[in-house]
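# Commentary on secondary and tertiary structure
The lines below spell out each chain.
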Amino acid sequence: MKMKGKETENRMKIRNLQVNHLTKPVGISGKNLRLSWNLEGGKKQNGFEVTVQDTEGNVLEIVEEESNTMVCILKKEIPSRTKVKICVKVWDEEKKESEPAGITVVTGINQESQLLFRTKHGLQPRMVRLEKMTLWQEKYMMPGKNSRWNMV
């Protein structure tokens, strides 16, 4: 039993896991997500594995690299309005794995998206290209004073 305690004490630990420099990424674009992290435990990272899963447990992407960089840019785009769980594991020169660290990402509305607009005939779907949108506008799907919305 004491062996397990010492073994976990010597393991590397991932700290400060971020996506696009955010610790709670909500309403962000799903393109080119940049993960970064710091390590604790005094060992040098030799490689990492990043797994992206949706809420149903389907694996969307796995990135595995033999690298000492503590940065990973995801290649696949996460769809608009999607919640995913990203799990990161690293290992040292002796192939000892760290404890996995996870972060939840919720993507917002992408640049081109279908929104519902309130008209005199009720709610009408329209395709729009969004050039600038705040989280409040995204939540309520209403144009603001500082936004330009172009109908497609």
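Whatever comes next refers back to the structure up there.
What this report covers is the structure whose coordinates are included nearby.

Definitions and cut-offs
Residues numbered from 1 in each chain as written. Predicted model: local features only at pLDDT ≥ 70, side-chain atom pairs only at ≥ 80, totals over all residues. Heavy atoms only, no water. Helix = DSSP H or I, 4+ residues; strand = E, 2+ residues; numbered from the N terminus. Buried < 20%, exposed > 50% of the residue type's maximum accessible area, 1.4 Å probe, protein only. Contact = heavy atoms within 4.5 Å. Areas by Shrake-Rupley, 256 points an atom, 1.4 Å probe, with all protein chains shown as cover. Phe/Tyr/Trp six-rings, centres within 6.5 Å; stacked < 30°, edge-to-face > 60°. Pairing = 2+ DSSP bridges. Axes fitted to C-alpha atoms, helices over the stretch in contact; angles between N-to-C directions. Salt bridge = Lys/Arg side-chain N within 4 Å of Asp/Glu carboxyl O.

### Observations concerning the overall build of the protein
Across its full length, the protein holds two helices and eleven strands. Traced from its N-terminal end to its C-terminal end, the protein shows the element sequence α-β-β-β-β-β-β-β-β-β-β-α-β. A burial count over the protein gives 33% of its 152 residues as buried. For the protein, long-range pairs separated by at least 24 residues make up 53% of all intrachain contacts whose partners lie at least 6 apart in sequence. Only carbon and sulfur atoms are counted for the fraction: they give 50% of the accessible area of the protein, which is about 10300 Å².

### Some points on the side chain of Gln45
With respect to the secondary-structure elements, Gln45 resides in strand β4 (residues 45–54). Look at Gln45 and you get buried, because its relative accessible area is 3%. Not counting residues within four places of it along the chain, the set of residues in contact with Gln45 comprises Met12, Trp37, Leu39, Ser67, Asn68, Thr69, Met70, Val90 and Trp91.

### Some details on the packing of aromatic side chains
Under the counting rule described, the total for this entry stands at one aromatic pair. Between Trp37 and Phe48 the ring centres are 5.3 Å apart and the planes differ by 70°, which places this aromatic pair in the edge-to-face class. In this pair, Trp37 is assigned in strand β3 (residues 34–40) and Phe48 in strand β4, connecting sequence segments eleven residues apart. Like Phe48, Trp37 is buried.

### As for the pairing of strand β7 (residues 83–92)
Direction of pairing for β4 relative to β7: antiparallel, over a ladder of nine bridges. Across the sheet, residue Gly47 finds its bridge partner in β7, namely Trp91. Pairing between β7 and strand β8 (residues 101–107): six bridges, direction antiparallel. Note on β8: the bridge partner recorded for Ile86 is Ile103.

### Remarks on the environment of Leu60
The residue Leu60 is located in strand β5 (residues 59–65) in this model. Placed 17 residues apart in sequence, Leu60 and Glu77 show a C-alpha to C-alpha distance of 9.5 Å. Setting aside chain neighbours within four positions, we find Leu60 in contact with Val52, Gln53, Asp54, Lys76 and Val84.

### Section: the sheet that holds strand β6 (residues 71–73)
The strands that make up a sheet pair up through hydrogen bonds in the backbone, lying either parallel or antiparallel. Sheet architecture is open: three strands sit in the order β1-β3-β6, paired in antiparallel fashion. The strands lining the two open edges of the sheet, one partner per strand, are β1 (13–19) and β6. Each neighbouring strand pair of the sheet contributes to a mean axis angle of 20°, computed without reference to strand direction. Sheet topology places β1 next to β3; five bridges connect them, and they run antiparallel. When the sheet's bridge partners are listed, Gln18 is paired in β3 with Ser36.

### A short note on the pattern of salt bridges
A complete count under the given rule lists seven salt bridges for this structure. Linking Arg15 and Glu40 is a salt bridge whose minimum nitrogen-to-oxygen distance equals 3.4 Å. Of this pair, Arg15 sits in strand β1 while Glu40 sits in strand β3, and the two are 25 residues apart along the sequence. Residue classification places Arg15 among the partly exposed positions, given a relative accessible area of 37%. You can call Glu40 partly exposed: its relative accessible area is 41%. Between Glu94 and Lys96 there is a salt bridge, with its nearest N and O atoms 3.6 Å apart. Given the relative accessible area of 47%, Lys96 is considered partly exposed. What you see here is one network of salt bridges that share partners, running through Lys43, Asp92, Glu94 and Lys96.

Any link to function would need more than the numbers given here.
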